[in-house]
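Residue-level structure breakdown
Here's the letter readout for the chains.
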Amino acid sequence: MGRRRAPELYRAPFPLYALQVDPSAGLLIAAGGGGAAKTGIKNGVHFLQLERINGRLSASLVHSHDTETRATMNLALAGDILAAGQDAHCQLLHFQAHQQKGDKAEKAGSKEQGPRQRKGAAPAEKKCGVETQQEGLELRVENLQVVQTDFSPDPLQKVVCFNHDNTLLATGGTDGYVRVWKVPSLEKVLEFKAHEGEIEDLALGPDGKLVTVGWDLKASVWQKDQLVTQLHWQENGPTFSSTPYRYQACSESGTFLGLGTVTGSVAIYIAFSLQCLYYMRESHGIVVTDVAFLPEKGRGPELLGSHETALFSVAVDSRCQLHLLPSRRSVPVWLLLLVCVGLIVVTILLLQSAFPGFL
């Protein structure tokens, strides 16, 4: 028997490296490419509409945005603004999506499942500012500002994120510097050396604090460019003889933790206890480059259906896979209270029967 895989939601014509979900419009955004090498592999950002068809979650390609010779390696989403890390640069994209009036999406009665492309969707990449009109959806994507964010000898932006009110974005790359920019002008407001070597991940907090992790085995908390506290794996992490470990990612707390591995496996854990709820071994068969949960807001609950959560994963194999966690059965609080009251009544009756005059 072949290796068991998760359902394939979409397959792109290039390796996929980054993923974002827009719950308000029900869009899944996947990006990647073959880079500047003249191999014939394109570079682009694909916008997919998520729908439930015959009770199953499906994705349809509605717009393909051409990024020319630049492969997108990381993404961050703030409303209708997308920040794309492309080589040493950060490119802002603005997209608009709305339903066409008078058009009916073919949902009920359709027998199509999984990945599909809507009628009229051209296979060629779409240029900047081109509007794509599909059945039931109009989408327009345009390039905004672009800025160089990394200046090492072999420059590469590795991570980008917005702050909580989407007025700033922070970038990190191979030169170890954190740079903070205004949105959408990309005017630089802060720059400082955070790590010796590459920055692996960063997160902006609501209080203005910044968390970074890097190749130097350190995890740091900053207030602007001032170090607040720091963890070092060799001092604060578990000890494993002759095995090098480093901090890889930092994220906000939530209900679930999604994990993709270098061997292609995908897992879902409870965030606070790290209890494994879902594991698909070598689902992709090659390194998983990004994962993203379907948010529980906007169209999220409608798209989830009876499932507790949905995790999307992308990999170098060009596939976007869907990992669904069925709702776990739980006893309602009212039922527990009713059982407790019933036990108390039965206990009293038994005591009254055994010891007349007990009450």
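Since we're looking at a predicted model, the values are computed, not measured. (Residues numbered from 1 in each chain as written. Predicted model: local features only at pLDDT ≥ 70, side-chain atom pairs only at ≥ 80, totals over all residues. Heavy atoms only, no water.)

It is worth spelling out the pattern of salt bridges at this point. Summed over all chains, the structure comprises 13 salt bridges. Glu 200 is the partner of Lys 158 in a salt bridge, and the nearest nitrogen-oxygen pair spans 3.5 Å. Within this pair, whereas Lys 158 is found in strand 12 (residues 157–162), its partner Glu 200 is found in strand 16 (residues 199–204), the two being separated by 42 residues in sequence. Relative accessible area serves as the criterion here: at 11%, Glu 200 is assigned to the buried category. Across the pair Arg 281 and Glu 282 runs a salt bridge whose closest N-O atoms are separated by 3.8 Å. Shared partners join several salt bridges into a network, and the residues in it are Glu 8, Arg 11, Asp 317 and Arg 319. (Salt bridge = Lys/Arg side-chain N within 4 Å of Asp/Glu carboxyl O. Helix = DSSP H or I, 4+ residues; strand = E, 2+ residues; numbered from the N terminus. Buried < 20%, exposed > 50% of the residue type's maximum accessible area, 1.4 Å probe, protein only.)

A few words on the UniProt feature "repeat: WD" (unreviewed entry) in the chain. Within this structure's numbering, the places UniProt gives as "repeat: WD" (unreviewed entry) are residues 160–191. Taken end to end, residues 160–191 comprises 0% helix and 59% strand; its first and last C-alpha atoms sit 14 Å apart. (UniProt positions renumbered as here; feature names shortened; annotations may be inferred.)

Attention now moves to unusual backbone geometry. A cis amide bond links Val 183 with the next residue in sequence, Pro 184, at an omega value of 10 degrees. Mapped onto the secondary structure, Pro 184 falls in the loop between strand 14 (177–182) and strand 15 (188–193). Non-glycine residue Asn 54 carries a positive phi angle of around 55 degrees. Residue placement: Asn 54 occurs in the loop between strand 4 (43–53) and strand 5 (56–66). Not every positive phi belongs to a glycine, and Glu 68 is a case in point at roughly 60 degrees. Relative to the helices and strands, Glu 68 resides in the loop between strand 5 and strand 6 (72–78).

So, on to the environment of Ile 286. Relative to the assigned elements, Ile 286 resides in the loop between strand 22 (276–280) and strand 23 (288–293). Apart from residues no more than four positions distant in its own chain, Ile 286 is found in contact with Thr 261, Val 262, Thr 263, Gly 264, Ala 315, Val 316 and Asp 317. (Contact = heavy atoms within 4.5 Å.)

Once that is clear, we can look at a nonpolar patch on the surface. Where nonpolar side chains cluster on the molecular surface, the patch consists of Trp 334, Leu 335, Leu 338, Val 339 and Leu 343 and spans about 520 Å² of accessible area. With respect to the helices and strands, the residue Trp 334 is situated in helix 3 (residues 333–354). (Patch = residues over 30% accessible without salt bridge, like charges linked within 9 Å, V, L, I, M, F, W, Y side chains within 5 Å. Areas by Shrake-Rupley, 256 points an atom, 1.4 Å probe, with all protein chains shown as cover.)

Our focus in this paragraph is the sheet that holds strand 19 (residues 226–232). What the four strands build is an open sheet, ordered 16-17-18-19; its pairing is antiparallel. In this open sheet, the two edge strands, each paired with only one partner strand, are strand 16 and strand 19. The mean inter-strand angle of the sheet, taken between neighbouring strand axes irrespective of direction, is 15 degrees. Pairing of strand 17 (residues 209–214) with strand 18 (residues 218–223) involves five bridges; the strand directions are antiparallel. Paired with Leu 210 across the bridge in strand 18 is Trp 222. (Pairing = 2+ DSSP bridges. Axes fitted to C-alpha atoms, helices over the stretch in contact; angles between N-to-C directions.)

A word on the nonpolar core. Leu 9, Leu 28, Leu 50, Leu 294, Phe 312 and Cys 320 are the most contacted members of the largest nonpolar core, which has 23 residues in total. Only strand 1 (8–11), strand 2 (16–22), strand 3 (27–33), strand 4, strand 5, helix 2 (300–304), strand 24 (307–315) and strand 25 (319–326) provide two or more residues apiece to this core. Leaving out residues up to four positions away in the same chain, Cys 320 has contacts with Pro 7, Glu 8, Leu 9, Tyr 10, Leu 16, Leu 28, Phe 312, Ser 313 and Val 314. In this structure, Leu 27, Val 62, Ala 84 and Leu 137 belong to the second largest nonpolar core, which totals 15 residues. (Core = buried A, V, L, I, M, F, W, Y, C linked by side-chain atoms within 4.5 Å.)

Attention now moves to the sheet that holds strand 13 (residues 168–173). With respect to topology, four strands assemble into an open sheet ordered 12-13-14-15, the strand pairing being antiparallel. The open sheet has two edge strands with one neighbour each: strand 12 and strand 15. Strand-to-strand twist of the sheet, defined as the mean angle between neighbouring strand axes without regard to direction, takes the value 15 degrees. As paired strands, strand 14 and strand 15 are joined by five bridges and run antiparallel to one another. Each residue of the ladder has a partner; that of Val 180, found in strand 15, is Leu 190.

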